[in-house]
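Chain residues, written in single-letter form:
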Amino acid sequence: MSKKSKVQITCPYCQNNMMITKWDSINVDLNPEEKERIINGKFFDFNCDYCNKVIHGFYSCLYHDMTHHFMMYLVGGNQEAKEAITMFNDICCLHEKIYEDYQVRITTESDVWREKATIFNSGYDDRVIEIIKFLYTVQIEDDYDDLKIERAYFCPSENVREFVLEFHCSDNNAFTIDVSNEIYESVNEKYMSKIRTSKIETFFVNSDWAWNIIKAD
Ligand SMILES: [Zn+2]
């Protein structure tokens, strides 16, 4: 189920007040148009009714993709993240049968929220993608001594047989690498049983999580 309400915001440019639609939760199978806006990075953009400038907003929102069995809560900070953990534990406990094969994530970053929505929408698993990002980062930093990678993002490719990783470096440069589905499958095969049997919690799947999985016995 999707849940939305109208809230008032103040334009930071012209100080006028206006009403916007705020989604507390989005079931993207029921609201595919909102999924497109999330994936395109337009979801938190609002056009001011008065000065027409684009306002970049941010609020807590639960993303639910029933097709790919994926839920992700974008929260405002650590306290909300703790509440989200309790909420997910309660839901998954109450409805164990429905959610037993669900992937459930929490993040405080709208970039990560959007990225993971894109990963699952493209039919991939973010746990495998995070391990691939980690392995590439280590390899590239090893090959290029003075290069430091800060972040890596998944991007879908027009070619269905591959996807793109976008690496952002500490010197503000960025570059991309095309990754074939063969590489994805080989990493999936190598790590998935380890991932499934691991006790490392999966609410926050990021590079630290990937490193913990790789180094685990
Ligand atoms: Zn305005």
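Residues numbered from 1 in each chain as written. Predicted model: local features only at pLDDT ≥ 70, side-chain atom pairs only at ≥ 80, totals over all residues.

A. Here's a closer look at the packing of helix 5 (residues 126–143) against helix 6 (residues 181–197). For the pair helix 5 and helix 6, interaxial distance at closest approach is 9 Å and the crossing angle is 110°. Relative to helix 6, the element helix 5 is oriented roughly perpendicular. Of the two possible hands of crossing, helix 5 and helix 6 adopt the one that is right-handed. Residue-level inspection shows Arg-127, Val-128, Ile-131 and Ile-132 of helix 5 in contact with helix 6, the latter providing Ile-183, Tyr-184, Val-187, Asn-188, Tyr-191 and Ile-195. (Axes fitted to C-alpha atoms, helices over the stretch in contact; angles between N-to-C directions. Helix = DSSP H or I, 4+ residues; strand = E, 2+ residues; numbered from the N terminus. Parallel < 35°, antiparallel > 145°, perpendicular 65-115°, else oblique. Left-handed = near helix turned anticlockwise from the far one by under 90°. Contact = placed C-beta atoms within 7 Å.)

B. Region of interest: the sheet that holds strand 8 (residues 149–156). Across the sheet, which stays open at both edges, the three strands sit in the order 8-9-10 with antiparallel pairing between neighbours. Edge strands, defined here as strands with exactly one partner in the open sheet, are strand 8 and strand 10 (174–180). Averaged over all neighbouring strand pairs, the angle between strand axes comes to 25°, with direction disregarded. When strand 9 (residues 162–169) meets strand 10, the two strands line up antiparallel, connected through seven bridges. Across the sheet, residue His-168 finds its bridge partner in strand 10, namely Ala-174. Each of strand 8, strand 9 and strand 10 is contacted by helix 5, which is oriented at about 135° to strand 8, the strand it contacts most. Where helix 6 meets the sheet, its contacts fall on strand 9 and strand 10, and the angle it forms with strand 10 comes to roughly 75°. (Pairing = 2+ DSSP bridges.)

C. The arrangement of the packing of helix 5 against helix 7 (residues 207–215) in detail. At a closest axis distance of 9 Å, the pairing of helix 5 and helix 7 adopts a crossing angle of 85°. On the basis of the axis angle, helix 5 is roughly perpendicular to helix 7. Facing Glu-130, Ile-131, Lys-133 and Phe-134 of helix 5, the residues of helix 7 in contact are Ser-207, Trp-209, Ala-210, Trp-211, Ile-213 and Ile-214. Tallied by class, the residues present in the contact of helix 5 with helix 7 amount to seven nonpolar, one polar and two charged. (Nonpolar A, V, L, I, M, F, W, Y, C, P; charged D, E, K, R; others polar.)

D. Fine view of the environment of Arg-161. One can find Arg-161 in the loop between strand 8 and strand 9. As for Arg-161 and His-64, which are separated by 97 residues in sequence, their C-alpha atoms are 26 Å apart.

E. Examining the sheet that holds strand 2 (residues 17–27) more closely. Reading across from one edge, 1-2-5-6-7 is the order of the five strands in this open sheet, with mixed pairing throughout. In the strand order of this sheet, the two ends are held by strand 1 (3–10) and strand 7 (103–107), each with one partner. Within this sheet the neighbouring strands show an average axis-to-axis angle of 25°, counted without direction. Where strand 1 and strand 2 come together, eight bridges link them in antiparallel fashion. Directly across from Lys-3, in strand 2, lies its bridge partner Ser-25.

F. Molecular detail of unusual backbone geometry. Despite not being glycine, His-69 shows a phi value in the positive range, around 50°. Along the polypeptide, His-69 turns up in the loop between strand 5 (61–65) and strand 6 (70–74). By C-beta crowding, His-69 is classed as partly exposed, having 15 other C-beta atoms within 10 Å. One non-glycine residue, Asn-172, adopts positive backbone phi at about 75°. Looking at the element boundaries, Asn-172 is found in the loop between strand 9 and strand 10. The class of Asn-172 is exposed, set by 7 C-beta atoms lying within 10 Å. (Buried ≥ 20, exposed ≤ 12 C-beta atoms within 10 Å, placed from the backbone.)

G. Examining the domain arrangement of the protein more closely. Domain annotation of the protein identifies domain 1 (3–121) and domain 2 (126–215). When each unit is reduced to the centre of its C-alpha atoms, the spacing between domain 1 and domain 2 is 24 Å. For the side of domain 1 that touches domain 2, the secondary structure elements donating two or more residues are strand 7 and helix 4 (110–121). Among the elements that line the side of domain 1 that touches domain 2, the one with the most residues is helix 4, at five residues. Split by residue class, the side of domain 1 that touches domain 2 holds five nonpolar, one polar and three charged. (Domains from an automatic or database assignment.)

H. Region of the structure containing the nonpolar core. Core analysis: the biggest nonpolar cluster contains 31 residues, and Tyr-63, Met-72 and Tyr-73 have the highest contact counts within it. Two domains each provide a minimum of three residues to this core, namely domain 1 (3–121) and domain 2 (126–215). If sequence neighbours within four positions are ignored, Met-72 has contacts with Tyr-63, Arg-105, Thr-107, Trp-113, Lys-116 and Ala-117. (Core = buried A, V, L, I, M, F, W, Y, C linked by C-beta atoms within 7 Å.)

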